[in-house]
Amino acid sequence: MSNPILYGFTKQDLEKTIELVINRIRKTEIIQDTSNSQAEDRLTQKEAAELLGITVQCLIQWKKKKLIPFYQIGRSVFYSKKELLEQARKNPSLVKSAK
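Quick summary incoming for the structure in this document. (Residues numbered from 1 in each chain as written. Predicted model: local features only at pLDDT ≥ 70, side-chain atom pairs only at ≥ 80, totals over all residues. Heavy atoms only, no water.)

Here's the deal with the packing of helix α3 (residues 45-52) against helix α4 (residues 56-64)
In step 1: Between α3 and α4, whose axes approach to 9 Å, the crossing angle comes to 95°. The angle between the axes of α3 and α4 places the two elements in the roughly perpendicular class. Between α3 and α4, the residues in contact are Gln45, Lys46, Ala48, Ala49 and Leu52 and Val56, Leu59, Ile60, Trp62 and Lys63, respectively.
In step 2: Residues that form the contact of α3 with α4 fall into these classes: seven nonpolar, one polar and two charged. (Axes fitted to C-alpha atoms, helices over the stretch in contact; angles between N-to-C directions. Helix = DSSP H or I, 4+ residues; strand = E, 2+ residues; numbered from the N terminus. Parallel < 35°, antiparallel > 145°, perpendicular 65-115°, else oblique. Contact = heavy atoms within 4.5 Å. Nonpolar A, V, L, I, M, F, W, Y, C, P; charged D, E, K, R; others polar.)

If you want it as structure tokens, here you go:
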């Protein structure tokens, strides 16, 4: 019994499944957490993409299509974490599960 199989799943299958569930729970916790200071609220494009679990290129496309709120001062683009989380609550398909 050194490598038991539980209901047709290997230990690796179960570990991957548990990791996927934990990542989804963490994303839900992030979306539900709204206590942010102003300094923590401002995100770069890279940080916003990581928060949503997408690429920067995808984030830029969403910005161009006005699917997500953003701010631009000169050439600098930034995002409000609070506003992105509110948008994610309204449209959960925007947030991808980390793999």
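A short note on the nonpolar core
In step 1: If you look at the biggest cluster of nonpolar residues, it comprises 14 residues, and the most contacted ones within it are Leu59, Ile68, Tyr79 and Leu84.
In step 2: Elements with a minimum of two residues in this core: α3, α4, β3 (76-80) and α5 (81-90).
In step 3: With four residues, the single largest contributor to this core is α3.
In step 4: If near-sequence neighbours (up to four positions away) are discounted, leucine 59 is found in contact with Gln45, Ala48, Ala49, Leu52, Ile54, Ile68 and Tyr79. (Core = buried A, V, L, I, M, F, W, Y, C linked by side-chain atoms within 4.5 Å. Buried < 20%, exposed > 50% of the residue type's maximum accessible area, 1.4 Å probe, protein only.)

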